[in-house]
Structure formats: C-alpha cells, structure tokens
Amino acid sequence: LLYTIKFEIMVFGVYRLNHPPSSVDHCCNCYFITPNEPNLVVAGGSLLRIFRYVPMQDDGQIRHRLEQVLACNLYGVISSIAPAKYPGNRRDSLLLAVGEAQLSVIDYDPAAHAFKTRMLYNYEQDDQRQMFLQQTFTPQVRVDSENRSAAMLIYGSRLVVVPLIKPAKNTTDVVHHSYVVDLKKLDEKVNNVKDFQFLHGYCEPTILLLYEPLRTWPGRVAVRKDTCSIVAIALNIRDKVHPIIWSQNNLPFDSLYALPVPKPTGGVLIFAVNSLLYLNQSIPPFGVLLNSLALKTTDFPLQKQGDYMLTLDDSQAVVMESERVLISLKSGDLYLITLLSDGMRSIKRFSWMKAASSVLTSCLCMATGNYIFLGSRFGNSILLYYQEKSSVTANILEEQSNKRLRLDEEDDLDLEIFGNKEEKKDILLSTYSFEVVDSLMNFSPITQMTVGESPFLSDEYKSGNHHDLEIVACSGYGKNGALSIFQNSMRPMINSTFDLPTVYNMWTIRTDFSTHHHSYLILAKADSTLILQTGEDITEVEESGFATTETTLYVGSIQNYVVQVCPMSILLLQESKLLHRLELSETISGASICDPYGVVMLMSGVVKLLGVVTRDKRPQLLLSDTSSTHTVCITTYTDESGLFSTEPYVVQDTTETPAPAEKGGEGDVSVDQEEELDEDTLLYGDSDKLFEEFKNAKQPDKEPAATLLKPGKTQEPGPPMVTQIHNPTHWCCLTRDDGVLEIRSLPTWNLHFFCKNFAMSPKVLGASEEHPSVGSEGIPSVKEICVVGMGWRRQRPHLLTLIDDDLFIYSAFPYNTSDKNALKLRFAKIQHEVLIKKKKTRGNKLIDMDAHPHYTPKIQYFSNISGYTGIFLCGDLPYWLFLTTHGALRTHPMYLDGKVTCFAPFHNVNCEHGFLYFSSTDELRVCTLPATLSYDNHWPARKVNLRATPHFVAYHQDTKTYAVCTSTPSLNPMRPAQQNNLDKEEVSIEEDDNFPYPSLNWYSITLYARDGWEVIPDSKIDFPKYERVTCMKYMELSGEQMGEQSKGYVVAGTMSSMGEEVSARGKIMIFDVMEVVPDPEKPLSGFKFKCLYDKEQKGPVTEIDCIMGHIISAIGQKIYVWSFLNNDLVGVAFIDTQIYIHSISVIKNFILFADITKSISLLNFDKECKTLSVISRDFEPMEVYRCEFVIDGTNLGFLVSDSNCNLVIYSYQPEAIESSGGMKLIRKSDVNIGAHVNTFFRTGIRIHDGSILGTTPASALLHPSEKRHVTWFATLDGALASFLPLSEKKYRRLFMLHNKLVTAVPHVAGLNPKKFRTAKMPGRWLMNPHRNILDYQLLTNFLTLSHTERRELAKQIGTTPSQIIDDLMGIQKAMMIF
C-alpha cells in the first residue's frame, strides 16, 4: 500500500443532533395549554412544538402570528398526532403514535410549565405483529369528533381502541381500559387498511375503514381494478361488540384516503388519484372523474363535471365548513371544493375553485378563527388568513316533489308514481381571499451538502488560524427548492477597531432622546475611567463631570439623568455636567437601575434604594435603607408583561377570535382569479419579510379584539395568549448568601416572592415559606443574576443566573398561589447547551480570568440589535441569546474572536443598532449583525430560493463560486420509441386534453456568485431531454507526470433513461470555470463554464470521485479509474462490483463504495501498478444510503447510513477470527437516529489553540488522539447532526452517565431513549446490536439537573460534576467549526 493507515478497533463515539428537524409532518389545533385559548401543535420527525396565536396590529388590521410555548425533542419518530379530552380534564391531551405500535398520551403540567405523560400504550408484541418481521405500516391515530373514543391502527389490520368515556360508577377507573380489535375477525376481507376515520352523526363511535383486500397496481389494471372497499364499524365500548353497519365494494384501486364530512351533510369523501367520491349510508354514491385516465382505471360510475385535469396523489384535505373542503395538490395549488346537495343530503355536484398556489403541503389543519395552517416537508410552513370576498352563482339539478296526481295524462304516469322531477336551482358560492401572516422556516429534505467559505468575513477575523466555513445544502423540492446556508458561530460585520488596553467594562448612554443615538461611551479600567464621545467619530472627552480618577461599577439613567456609580461615590449628571455627587463611607460592590428607581449593594451585603429627588430646584441623589442584608447579587427589572402581579390570573372564556372584516390588501389571493398566483410569500412564506413586519408592527392603541389575559377569579392558567397594555411595574431581585432568591417591589420594598433553594438550581422556582437565614456552607455560589423582558413588546420575562461556572435560564409563567401577597408566577428551567466553565491549566488550577478587583458582569442585556432582543454572555466562549419572533430561545456562540471581556449595545449614525465589544487582544470593535441571516433557528441560516429542485452543489475553490445542479418538471406528451432507440426518437401520446401526461425533469447546471447568491449571466448549462445528472463534484485533477500541479474542475456524471426497452447510457462531463473580462453592463459576468470533456460511456455513470489526481467513476457494474490528459480521459484501472454503486468515498489510496443492496466494500488503488484490488467487504445485505470514512487519529473506520435510519460503523480487523482473514468487515458500532441520511462530509476538529485540524503547521505536532475528524451529515427531515470519535477513557465515563440518565430523568411521552437509539434490523437477524455510540442529547439532560442531583449522579459513577461538564465541553468545542 502506498499509504499505511492503522486499521484498529475504533468503536467509541458520540452522536450529536446539532440542528433539530425543521420539517412539519403533522399538525392539529387544540386547547393544550389552557382550556379557552387554542394552540397549534406541529410535529416533524422527533420534534414536537406547541404554538399559540398572538394578535399583532399592522396597518390598522389585526393578524395573528405564531409564538412557541413549548418544544421537545422526543426519543421516537412521531407517526401521527390527534387531540383528545379525557373526562375531568379541562385541557386537551395529545395522542402521539410513535414507533411501530406505541401510543403516548401527554398533557400540559401547569405547575411546571412542561409536558406531562398521562399514559403509554405499547403493542409491539409478536402476537400483534402477526407475520410482519419489519415495520411495513406506520401507526395512525384518530379521535371521535364527540370525544367518545380514540383508535390507533397498527400492522395494517389491528385496531387499538382507547375509550374516552367514564365507566360504570362502581369502578375507580377514569376511563375504560384499551383493547385490540382484530379486523380480520370482523370481516375476513379486511386487510391492508389504507386509512380509517371516525364518522359524524352516529349514536356510537363509528369507524370507517378504507382497505384493499387484494392489491393491484397500474400495470395490472387491465386484469384487476376496483379493488378497494370501505366498511363502517360501530364501537360498543362497554360490551366490546363491533357490528358492521355499512359497507361498499368495488371502489377505484387508486383510492388514497378518506375525509369525514361533518353534520348536517354527513358521509365521507374518498380521495382517489383520478377521481373523487362521496359515500353515505342509505344514499346513492356520487363520484366525479378528475381526468380522462379515470375512464380506463375504474368501472365505478363517475360523472364528468367540467374539463378537469387534476390528480390527487400526495394531496392533503381539510374541512373548512360542513359543505366546503380545502384541498392542497402535490403541485401546491389550493382548491376549494363545495358539496352541492339537493336539500335531501344527496350530493349532486362538486364545485371546484382554485384558491391560490402555495407551498407543497404535507399536512394542513384549520387554526383559530379564519386561519389555516399549511405544514410542509418541502418548503416553509405557513399560516394563512382567509376571508370571504364575493359570491358567484352556480346551478344544480334539484329533485322536486309533484304532489298533484294527473291520472288522465298517460305521459305523466311514471311521474305520478315516483313523484319527482328535476329542476335547476341557483346557488351562491362564496369566494375567499388568502394572505400569508406567518411562516416557519424549513430546510428539509437535505439531499446533498458541501462546505464553502463565507464571503462576509471581516479582515480582523481572517488573521486567525481558522477558516471561515459555512455549510451549503440542497433543500426543498420543486418550486420550493432552495439552497440553505448554515453557520454555527455569530460573525459580526466589523465597522472599525481601536486599541484600548485593560478595559474591564463599558457602557453606552443616551443624552439626546429624540434620535435615540448613544452620546457617550464610558470605559472602566482598573483604577480609572475613560469617557468617549460618540458622534461622527469617537473622541475622548478630556473635561467633563464624570469621575475619571477611579473605576466605574455601573452607569445607568434615571429620569433622563445619567447616574455613575463608583466604589465610594455616586454621581448624578445631565449630559456631561455634574449635578450632584454622593459620597459613601462603605465600598459599593454592585448596583442596578430601572428608571426611575435604583438599588445599590454594599460590600457588607446591605442593600440601599437609590432615587433622584428635587431640592431647592436642583436634582439630587437620595439613598434610603432597606431591611435586606447578606445580599450576594442584585438586579432590577421593569415588567411590562403583567406577569409580575399579585392578582390571580384567569383567561376569558373565549374560543373564537373575531376576525376583522377589512378588505384584503395587495397580498390577497382570490379564488375567482384565473391565473396562477405564485407569489413568493405564498410559495415560500418569506421569513425575512415577515420578520420586518414583526419589527415594524405598530403597537395597538387599544385592546385588540382577541382573547385577553385579565385579573379575575382564581383559575389554573397557562402562559397568556396576549396581554393588554399594562402599566410598568418595578422590581428588585436579589440573592442572599444562604441561596435564597427574593423578589421585592420598588419602591415599597415589600417581599412578594421567596425561593429558599434557588442556589441549588431546581427545575422549577416556586414560592416557599420564609425561614431564618442559615449558613452558606455547601451551597453553590451565586455570582450573577439578571431578569429581563424578552420577545415582542418584552412580554416574556426570563431569569438568568450564573451559579459557580454554570448558566441557568428560567422562563416565567403564571401560577396561582394561596398567598394573596405573593406573585402569581413561577420560573421553569429552560434546557440549553451553553457551557461557560473556565479553562484549566496543566496543574489543574483555574486561570484567573478576572483580574479586576470588582466583579465584571457577564450577562449583558440588549433591547435592539438589528431588531433583536436578547442577552450577550461575555467570557472565554461568548454566546448570543435571542428570543426570536416565534418565541423560541436561541443560543448562538461567537468563537471567531476568542474571549470577549465586555459588551455594550451601540446605536449611532455610523453604526445603526449595532454593538461594541472588547476582544481578547484588547481591541474595541464596533460591529453590526449581518442582515442576510435569520437567527430564528438553532443555527444562523438563510435560504436562497431557486424555484427548482436542487440535486447537487459544488464549491469551486479557485473562483469562489458555486455550481448548482437543479431540475424543473414539465409535462411530456411524448414517449421514446420502442426497440433500439440510438437516435432517441419519440412518438406522441395520443390522448385528449384532460389526460394527465407524465412529468419529465429537465436538468441544468448553473454557476452562482458567492457574495450575493446571484446567477452569473450566461453560465447555465442545459442538458438534453431524458438526460439525468446523477452526480456532480469539485475535483482537483492532475496529469500523469509526477510533480504536475493539480487544478480544480467541476465533474458531473449523467445517465439517459428512456424506458425499459432502451439500454441506458451515461456521460462524464468535465467543466472548467474560467475567469473572463466581465461585461460592463453585467458586473457578475466574470466567470463562465467551459466544457473540456463530454463523451458517452458504456453504461450509466452513477457516482464519481477523485483519487490521487485521477477520476474514479462507477459505470454500470464496474468501477473505473481515469486519468485526465489533453482534455481526454485515459483508462487506468477497473474492477467488477455488485449491482448498483451509488456512493463512493476516497481517502488517500483507499476507496469505500456502497451498493444499493449489497452493503459496502473497501478497495485499494495502486498508482504505480495501476491496479484496483479488494481489501475487504461486508457480506450481509444492506440497503445503503451513503458511506463515509471515520478518522480517529491513525485509526480508520467506515460509517454507513441505511434504509432503517441506522448509522453503522465497520472496522477492518484481519487478525480477528470473525473477519475470515480480513475478507469480511466487522460491525463494531451502531445507533438509530430516526431519520434517513443522504449526505456526509468530514472536517478536522477545533483544537486547543482555536484552529481547525489541518489548517496550521502546528497541527502536525498534535497528539494522535487530537487528530480526529468530525463526520457531519444531514437528514431528510431537515436536521444537521455529527459524529465524533471518543477516547476509551472518556467514553467509559460518559457511558456510565448515559445509562444512569436513561432511568434517572423522566422522559416526555414515557419513551425509552435506549430503545430508540438501538439499531433497527430488517427482519430477524442473528446479530445483537453493538451500540458503542452515545447520544449527546441524552447526556445534556445532566445539565438540567439540580446541584444536588448532579452530585448524587456523579457520585454513583465515581466521578465529579466538574469532570462530566469538562467532557461535554470538549465534545462541544471540537465541533465548533462553522
């Protein structure tokens, strides 16, 4: 071998979900948080989120937006959700179908502001599986409209019945016990159930089943069609008797799902691909054909109504009213269907109207009032507001009774007998306008991604040892296709930099309140203060009333006066003029101000009130004593949310939100418009535009016409939906040396909240009874506390505290108590991954990072930086904390510039809504946040809309451009000719205008500029018809001669698929991105593609890569190695492989490739001998999605993602007996992540000097254990994740903690993380799961534990909490790449 790599046992690692799933697969509207305010529940993958509707006034109209209340990443993939109300419960419960056959019921816990598991049903037993060895059917859960019963369908023919009614009075059970119904015992034909629904209008819960006893497919329609049937079953829960009351056979074979129609119409709609049926008991069926293909695929009697050409596959439908249904097609078009009846419940016609063109939906539901939520896996999920706009006239045939008998007329004899005749009747149909009011950003499905360099990096950051990298991913589908750009670290735009050494804290103050610009910058040094004036330039003020000969502890504003707090004095100034100086006899240790009050803490722990009074027409400072002693930390807070109140809260009994009747604006979409309204907001749900509307929204002059939270009689409340405008109240929060938290009102200093175990960081901070002060021995040290109002109009109070070296974040929520004088609220701990523990030296001693004699606050609040409100956390690893427009707390690190000693917001004519900070090199940086990124995600991100499906993206390093391969569908009325079609001849498909022609994708490659993500003019390459791009990569190719310099090219592989009768061929195409003289009228036209090689191969080119300057390609059943010489490919070596190679990964001279069904194989390429040889392979069958190498120093592993959502690591061990002398790869580790992975890439870890492995010469001197690579991957549900190898010592320690946390911490929905992360095997394999991969999400639950629980858990595994946090920080810092 040319390169020798140690193939040792490499089995230990950790899996981390860096960005949770962003897709929305399921949604529903219910009363989950409070019994009177509706909530929107969305689920995607394993992520469950609860939103509430917040009314906001914009341009005189009130529109509701979404605000997140709760979110949780479950240990299981959610297959279906449904709300239900249990007897005695005033709120709705959520029924979650998880796994193969699990049903979890969760409630809202008002005492902890969290999810609470009510019960868990598990039917994953062998007797329920029948003969199914693997999961074929996903469970579906439904709830009766009258809340009498719920049901879950498992394994295709088993029905789990969950009663929701009370049993007999002589029992203690709340509801009847659940049981399983074998549908085959009710009717032996019931099998392969496609869908089931509860019907409306029956005395008992009645379920309608849509099933297909004998399956068929479109190729066998001539032999077997109309194979679907329905059957209605009544559920007698008390007697467990289930009679069949209605059935219908011979329905179209392409029937998809059923939709029950509410009363008074009743019945059910059956949606088929080519037809729409209405069925009802005792009423003749009615159906319409949607295209001409339905005439050939079914014998069901269908009527033709209009010249439709629609297909309902991948459609979603919801009932708007009793006779109106909204349906979203796979193209994103929204249609309004009106059921026109004759007055006798007989449907005579379906009226179809196109409403709008929106996102490709995966689910939709009716939200509160006139709102509809469209959830999507392919684009941003959006919230639509609709209102009735106009009416149009339609007519139907109505049967009218003829009561008069005319026996003397022979022609009317039949009429007299049956008493009916047909007449036309006009009906008014309502039309609606739609507008987008909110959207949730989505990045799924991520099919491929690459790494590029960020274009907007300030020069000050480029001097470091790291590269400024970002992830560019292909996401979305069809017209919702986009490029998603991800960054992990915050990257400010630096306007200017100043050298100012040894500054420990700083403040910016305003003196001109008309412009809201900051006038002065105050810098605190160790023994002096520097005053700078901020105007057009930043200049030093030599003469002013500020104290400059001593350090400054705090600067604030009271009644438009400036207050400067020094260790021994307090100064009152107006602009820079000194008005009053108050000297103290004792040293001040801290201060805090909330206009018009302030508090001062002395070194002895005594707290004094600070105010401004007028004496002799001159303002003066006044200090007054309080009863508080032994104080450690203080902070003040001005509450504008109304949560800090002693009055009990109650929500008005309002379930409907009245919608204003104003006429729609420009963004409205009317259903009577003929053209396709494909606007960006309806299509993508433009998050940037909506965020600007959030920032610029006008404050309502009066209470909005919505549900308001008001004081009243005692009731269990949840977080308020929206509050009226409250008068600000002022509070002081302080902690004592015995770990007690007190909240006192200002200026009365009355105690309204007392929590005695605050320093132990419990999960919920609740009021407790007062008790005498106790000693502080063994109690953690509270270093800092801060209470701030975050979110829109500062309606979400949060409490942040630093206890020892840990940051804890609490969110306030209302909770009624019996004490009349106590605040009616609690604080719930928020889970986060912010670790700020200080560094250690080799002697295991803490480095003194704070040489200042006075404590410098780390938690800095800002109210408007680029429109965001949040917290900046100073320290060795600074963090930004945002509460975004959707109410979710986001934490973003900023590790590009190292340690940040102090921070302050800054608003100036030259730096609007920016900020200042001091770097580790004692440089003052004036910065702003980039406006192109959205921070309302777990990672800062942006989307570049393409309006096409992106397949591949490649970053050209030499020209700093991106090559993007996309495809756009179009109808194809032609088909390839039969026989050997070398000339690609076509014949037309002779059908009528209503025939749904097949869709054909047209591929193209386009060059994009990195700076603004704009298309470079004249750079698009269109591919011929039927030619499909199967792979595209950036490669650095070199010639045959040694020492020849390599050059970067974009290489693509294609295949031409023209049907089964024509043999497939492919091409290898090599493009050079050339730099040319740009056109003055087109400044971006400085680059263009030049095709250097384009020749047809002997088979389809399915995958390509680069190895040692050569091209390696998979063509048919062979792998070829090519040398690129003189613009031609020269064969070097080849080898025969398995069936279909679709993934190749190369490192040095080793080749890892994956077959679609035959797992992976390892090859070696000998450049001197020009040969390919097999080293080892996996002999077990596996449906592989992607493969990649795993590097752990000198050890090498092979990572594979399969069709069962597993990540599997193989190892090459020729000395092991089970490897058969090295011929077989040994499976060493596996984990299930619950989502499919289609793309991998590797990066070096970030090492101790802040650089990325391999970017500096110092990396070569590292210990082998530090030469690890992070393997990054993305899932099809929009998540980003990574895998990091671990040393055995660290793994063993965290493995014990991992096992303890499985049972030590209650998990939402009662799900078992150990079971979820166990690899899923197809069928019954004679192999045990190997595991050996830790779940970082489970390990971070250790951070949410209280101080006592941490110590006890660490003691059980023989370590300390400090060591565990160090291990977690090591994992976190190693992945800080982007």
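Residues numbered from 1 in each chain as written. Predicted model: local features only at pLDDT ≥ 70, side-chain atom pairs only at ≥ 80, totals over all residues. Heavy atoms only, no water.

**Describing the overall build of the protein chain**
Here's step 1: Within the protein chain one finds 12 helices and 91 strands.
Here's step 2: Counting the 1378 residues in the protein chain, one finds 61% classified as buried.
Here's step 3: Of all intrachain contacts in the protein chain linking residues separated by at least 6 positions in sequence, the fraction that spans at least 24 positions is 60%. (Helix = DSSP H or I, 4+ residues; strand = E, 2+ residues; numbered from the N terminus. Buried < 20%, exposed > 50% of the residue type's maximum accessible area, 1.4 Å probe, protein only. Contact = heavy atoms within 4.5 Å.)

**A word on the side chain of Thr-959**
Here's step 1: With respect to the secondary-structure elements, Thr-959 resides in the loop between strand S66 (949-956) and strand S67 (961-971).
Here's step 2: On the basis of relative accessibility, which here comes to 12%, the residue Thr-959 falls in the buried class.
Here's step 3: Here His-956 takes part through its side chain, which lies 3.0 Å from a polar atom of the side chain of Thr-959.
Here's step 4: Within the structure, the side chain of Thr-959 is placed 2.8 Å from the side chain of Thr-961, a separation counted as a polar contact.
Here's step 5: Ignoring anything within four residues of it in the chain, the contact list for Thr-959 reads Val-1073 and Phe-1087. (Polar contact = N/O pair within 3.5 Å; in protein donor to acceptor, adjacent residues only side chain to side chain.)

**Section: the confidence of the model for the protein chain**
Atom-level detail of predicted coordinates should not be read off regions where pLDDT is low.
Here's step 1: With 85% of its residues at a pLDDT of 70 or more, the protein chain has an overall mean of 83.
Here's step 2: Note that residues 396-423 has pLDDT below 50 and, in this model, 38 contacts with residues that lie over four places away or in other chains.
Here's step 3: This stretch, residues 652-679, has a pLDDT under 50; its non-local contacts, to residues over four places away or in other chains, come to 74 contacts. (pLDDT = per-residue confidence, 0-100.)

**Side note on the side chain of Thr-1359**
Here's step 1: Tracing the sequence through the fold places Thr-1359 in the loop between helix H11 (1347-1356) and helix H12 (1361-1374).
Here's step 2: With residues near it in sequence (within four places) discarded, Thr-1359 still touches Arg-1293, Ala-1354 and Ile-1364.

**Examining the pattern of salt bridges**
Here's step 1: Tallied over the full model, the rule gives 45 salt bridges.
Here's step 2: Close ionic contact of Arg-491 with Asp-468 constitutes a salt bridge, the shortest N to O distance being 2.9 Å. Highlighted residues: Arg-491 in the loop between strand S32 (482-486) and strand S33 (493-499) and Asp-468 in the loop between helix H5 (459-462) and strand S31 (469-475), separated in sequence by 23 residues. Of the two residues examined, Arg-491 and Asp-468, each falls in the buried class.
Here's step 3: A salt bridge links Arg-736 to Asp-738, with the shortest nitrogen-to-oxygen separation between them at 3.2 Å.
Here's step 4: On the basis of relative accessibility, which here comes to 14%, the residue Arg-736 falls in the buried class.
Here's step 5: One network of salt bridges, in which partners are shared, links Arg-736, Asp-738, Glu-742 and Arg-744. (Salt bridge = Lys/Arg side-chain N within 4 Å of Asp/Glu carboxyl O.)

**Concerning the pairing of strand S36 (residues 529-534)**
The two faces of the sheet receive side chains in turn, since in a regular strand these alternate between them.
Here's step 1: A large share of S36 lies buried, amounting to 5 of its 6 residues.
Here's step 2: In this structure, strand S35 (residues 520-524) lies alongside S36, joined through 5 bridges in antiparallel fashion. Its bridge partner being in S36, Tyr-520 is matched across the sheet by Gln-533.
Here's step 3: Adjacent in sequence and paired antiparallel, S35 and S36 are bridged by 4 residues.
Here's step 4: Inspection of the sheet shows S36 paired to strand S37 (residues 538-540) by 3 bridges, in the antiparallel sense. (Pairing = 2+ DSSP bridges.)

**Examining H12**
Within an α-helix, residues lying three or four positions from one another point in the same direction, as the helix has 3.6 residues per turn.
Here's step 1: With 14 residues, H12 extends 20 Å between its outermost C-alpha atoms, agreeing within 8% with the 20 Å of an ideal straight helix rising 1.5 Å per residue.
Here's step 2: Within the span of H12, buried status applies to Ile-1364, Ile-1365, Asp-1367, Leu-1368, Met-1369, Ile-1371, Gln-1372 and Ala-1374. (Expected span 1.5 Å × (residues − 1).)

**Examining the sheet that holds strand S62 (residues 903-906)**
Here's step 1: Read from one edge of the open sheet, 4 strands run S33-S64-S63-S62, paired in antiparallel fashion. The sheet is open, and its two edges are formed by S33 and S62, each paired on a single side. Averaged over all adjacent pairs, the angle separating strand axes in this sheet is 20°, with direction ignored.
Here's step 2: Examined bridge by bridge, S62 and strand S63 (residues 914-918) share 4 bridges and lie antiparallel to one another. Within S63, the position partnered with Ala-904 by the bridge is Leu-916. (Axes fitted to C-alpha atoms, helices over the stretch in contact; angles between N-to-C directions.)

**What to know about H11**
Here's step 1: Those residues of H11 lying buried are Arg-1350, Leu-1353 and Ala-1354. Buried residues of H11, viewed axially, fall in a sector of 100°; they line one side.
Here's step 2: Of the surrounding elements, those touching the buried residues of H11 are strand S56 (806-814), helix H8 (1288-1304) and H12.
Here's step 3: Downstream of H11 by a residue or two, Gly-1358 has a phi angle that is positive, lying close to 75°. (Arc of directions from axis to C-beta.)

**Digging into the state of the cysteines**
Here's step 1: Applying the stated criterion across every chain yields a total of 0 disulfides.
Here's step 2: No disulfide involves Cys-902; its sulfur sits 6.7 Å from the nearest other cysteine sulfur, which is in Cys-874. (Disulfide = S-S within 2.5 Å.)

**What to know about the packing of aromatic side chains**
Here's step 1: With the rule as written, the count across this model stands at 46 aromatic pairs.
Here's step 2: Judged by centre distance (5.1 Å) and plane angle (50°), the rings of Tyr-371 and Tyr-385 are tilted. Here Tyr-371 is found in strand S27 (residues 371-375), whereas its partner Tyr-385 is found in strand S28 (residues 381-401), with 14 residues between them in sequence. Considered together, Tyr-371 and Tyr-385 belong to a single accessibility category, that of buried residues.
Here's step 3: An aromatic cluster is defined as three or more aromatic residues linked by ring pairs; in this entry it consists of Phe-862, Tyr-868, Phe-872, Trp-880, Phe-882, Phe-903, Phe-915, Tyr-917 and Tyr-935.
Here's step 4: The residue whose ring lies beneath Arg-118 is Tyr-86, and the NZ or CZ to ring-centre distance is 4.6 Å.
Here's step 5: If you follow Arg-826 out to its NZ or CZ, it ends over the ring of Tyr-815, 4.0 Å from the centre. (Phe/Tyr/Trp six-rings, centres within 6.5 Å; stacked < 30°, edge-to-face > 60°. Lys NZ or Arg CZ within 6 Å of the ring centre and 35° of its normal.)

**So, the nonpolar core**
Here's step 1: Ranked by size, the top nonpolar core spans 71 residues in total, and within it Leu-48, Leu-94, Leu-96, Phe-486, Trp-1272, Leu-1284 and Leu-1297 carry the most contacts.
Here's step 2: Here this core gets 6 residues from one element, more than from any other, and that element is H12.
Here's step 3: Val-541, Leu-571, Leu-610 and Val-612 belong to the second largest nonpolar core, which has 33 residues in total. (Core = buried A, V, L, I, M, F, W, Y, C linked by side-chain atoms within 4.5 Å.)

**As for the sheet that holds strand S42 (residues 588-594)**
Here's step 1: Strand order in the open sheet formed by 4 strands is S42-S43-S44-S45, and the pairing between neighbours is antiparallel. The strands lining the two open edges of the sheet, one partner per strand, are S42 and strand S45 (618-625). Taken over all neighbouring pairs, the strand axes of this sheet differ in orientation by 30° on average, direction set aside.
Here's step 2: Sheet topology places strand S44 (residues 607-615) next to S45; 8 bridges connect them, and they run antiparallel. Bridging from a neighbouring strand, Lys-608 pairs with Asp-625 of S45.

**Re the environment of Leu-339**
Here's step 1: Mapping Leu-339 onto the fold places it in strand S24 (residues 333-341).
Here's step 2: As for Leu-339 and Arg-349, which are separated by 10 residues in sequence, their C-alpha atoms are 6.4 Å apart.
Here's step 3: Aside from chain neighbours lying at most four places away, what touches Leu-339 is Val-261, Leu-269, Tyr-278, Glu-323, Val-325, Ile-347, Arg-349 and Phe-350.

**Things to note about the environment of Leu-48**
Here's step 1: Structurally, the position occupied by Leu-48 is in strand S4 (residues 47-58).
Here's step 2: Residue classification places Leu-48 among the buried residues on the basis of a relative accessible area of 0%.
Here's step 3: Distance in space between the C-alpha atoms of Leu-48 and Leu-70 is 8.3 Å, their sequence separation being 22 residues.
Here's step 4: Ignoring anything within four residues of it in the chain, the contact list for Leu-48 reads Val-41, Val-42, Ala-43, Leu-70, Ala-71, Cys-72, Leu-74, Ile-78, Leu-94, Leu-96, Ile-106 and Phe-115.

**Regarding the packing of H8 against H12**
Axis angle and axis distance: for two packed helices, these are the angle between their axes and the distance between the axes, and together they describe the pair.
Here's step 1: Relative orientation of the contacting elements H8 and H12 amounts to 115°, with a least axis distance of 11 Å. On the basis of the axis angle, H8 is roughly perpendicular to H12. Helix-helix and strand crossings are classified by hand; for H8 and H12 the assignment is left-handed. Facing H8, whose interface residues are Lys-1290, Arg-1293, Leu-1294 and Leu-1297, H12 presents Gln-1363, Ile-1364, Asp-1367 and Ile-1371.
Here's step 2: Across the contact of H8 with H12, the residue classes break down as 4 nonpolar, 1 polar and 3 charged. (Parallel < 35°, antiparallel > 145°, perpendicular 65-115°, else oblique. Left-handed = near helix turned anticlockwise from the far one by under 90°. Nonpolar A, V, L, I, M, F, W, Y, C, P; charged D, E, K, R; others polar.)

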